[in-house]
Amino acid sequence: MFDYDLVVVGSANADLVIGVERRPAAGETVLGSDLAVHPGGKGANQAVAAARLGARTALVARVGDDPHGGLLLDSLSSSGVDTAAVAAGGAPTGVALITVDPSGDNSIVVSPGANGRLTPEDARTASERVLRRAPVVSAQLEIPLETVTEAVRLLAPGTRFVLNPSPPRELPAELLAACDPLIVNEHEARVIAGDGPLGDTPEEWARALLALGPRSVVVTLGAEGAVTAEAAEGAASADPSAQGAAAGVAVNRVPSVKVEAVDTTGAGDAFTAALAWRLGLGESLPAAAGYAARVGAAAVTREGAQASYPTAEEVEAL
């Protein structure tokens, strides 16, 4: 029996958000809305999103010993996230500077701060406390790559590892081989693929990335849903039109729910958290991705990241 449903290893930031009519060009100044400060960071977002859905969740992270760090710890605790493995100090809390245009699209610049000081030793300290006590561990790349790699080495046998490589960078073979799944958008897919051929369609992107070594792949497509890819043997298809099984790979297109987007900040984190949690419950990859797409759709209908995340009841209503 596990103590947690999901453990997240990742970043915790204060999101400083300004609404703009349009994003500025180089050398240009534009006026925006009043500044809003929200708890964020990909790791904290995923932990809160999963906890809001009802998952028993813990976070391995580092914040500063400052007001922004207090904001994050309060948000995590009030959402039901176990913060026993969240260290404090060493640098200011990470900050994300976010502009949001009228369509809900955003641009983000991140100052890592304390996130950059989350070390492999922090992962080792958290190993017995939380890392080895969940069926699924998820991570992102707003923390040092060596810390993510160390977390993977510390996982208990049979623990599933989910990675959203954001911001994207070249990944070592050891880390790619552990991903189940690797979750990417189009930009991240192209960076991970490097100079290798990727193809023209999301289905081709998924197959190309799967060939690099991950155990499974999910390509997120925003309002268009997602594509999943995994070895065909034993792969469950949520769609009778699934493609690729004859080639040894089961590829499924997962639809999303049409909603009016208000703010897309943190929607990808909500998707990743929901998918990781549902995989831990034993759902197939396409089914878990379908649920995650609904969670992501619900998240974009409200402003902010963590403040926008739905409960399980709200997802069912959607």
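Predicted, not measured: the structure shown is a model, and the values here were computed from it.

1. A word on the overall build of the protein
If you tally the helices and strands in the protein, you get 10 helices and 13 strands. By the compact-globule yardstick of 20 Å for 318 residues, the protein fits well, its C-alpha radius of gyration being 18 Å. Taken along its principal axes, the extent of the C-alpha atoms in the protein is 55 × 45 × 40 Å. Here the protein holds 318 residues, and the buried ones make up 53% of them. Long-range contacts, defined as pairs at least 24 residues apart, comprise 66% of the intrachain contacts of the protein with a sequence gap of at least 6.

2. Quick look at unusual backbone geometry
Put simply, Ser166 and Pro167 share a cis peptide bond, and its omega is -5°. Mapped onto the elements, Pro167 comes out in the loop between strand 9 (160-163) and helix 5 (173-178). Cis geometry marks the peptide bond from Asp180 to Pro181; its omega dihedral reads 10°. Tracing the backbone through its elements, the reader meets Pro181 in strand 10 (residues 179-184).

3. Looking at the sheet that holds strand 3 (residues 36-40)
The mixed open sheet is built from four strands, whose spatial order is 3-2-6-7. Of all the strands in the sheet, the pair left with one neighbour each is strand 3 and strand 7 (106-111). Averaged over all pairs of adjacent strands, the angle between their axes in this sheet comes to 25°, without regard to strand direction. Docked against the sheet, helix 2 (residues 67-78) engages strand 2 (13-19), strand 3 and strand 6 (94-100), running at close to 60° with respect to strand 3.

4. Details of helix 2
Taking 1.5 Å per residue as the helical rise, helix 2 with its 12 residues ought to reach 16 Å, and the 16 Å between its terminal C-alpha atoms agrees with that figure. Considered for burial, the residues of helix 2 that qualify are Gly69, Leu72, Ser75 and Leu76. Down the axis of helix 2, the sector holding all buried residues measures 130°, keeping them to one side. Set apart from the buried face of helix 2 by more than 90 degrees, the exposed residues are Pro67, Asp74 and Ser78. Contacts from the buried residues of helix 2 go to strand 2, strand 3, helix 1 (42-53) and strand 4 (57-63).

5. As for the side chain of Asp269
Its location among the elements puts Asp269 in helix 8 (residues 267-280). Asp269 sits in the buried class, given a relative accessible area of 4%. Other than its neighbours up to four places away in sequence, Asp269 contacts Lys42, Asn45, Gln46 and Tyr309.

So, how was this worked out
Residues numbered from 1 in each chain as written. Predicted model: local features only at pLDDT ≥ 70, side-chain atom pairs only at ≥ 80, totals over all residues. Heavy atoms only, no water. Helix = DSSP H or I, 4+ residues; strand = E, 2+ residues; numbered from the N terminus. Rg over C-alpha atoms; globule rule 2.2 N^0.38 Å. Buried < 20%, exposed > 50% of the residue type's maximum accessible area, 1.4 Å probe, protein only. Contact = heavy atoms within 4.5 Å. Pairing = 2+ DSSP bridges. Axes fitted to C-alpha atoms, helices over the stretch in contact; angles between N-to-C directions. Expected span 1.5 Å × (residues − 1). Arc of directions from axis to C-beta.

Without other data, these values stay purely geometric and don't point to any function.
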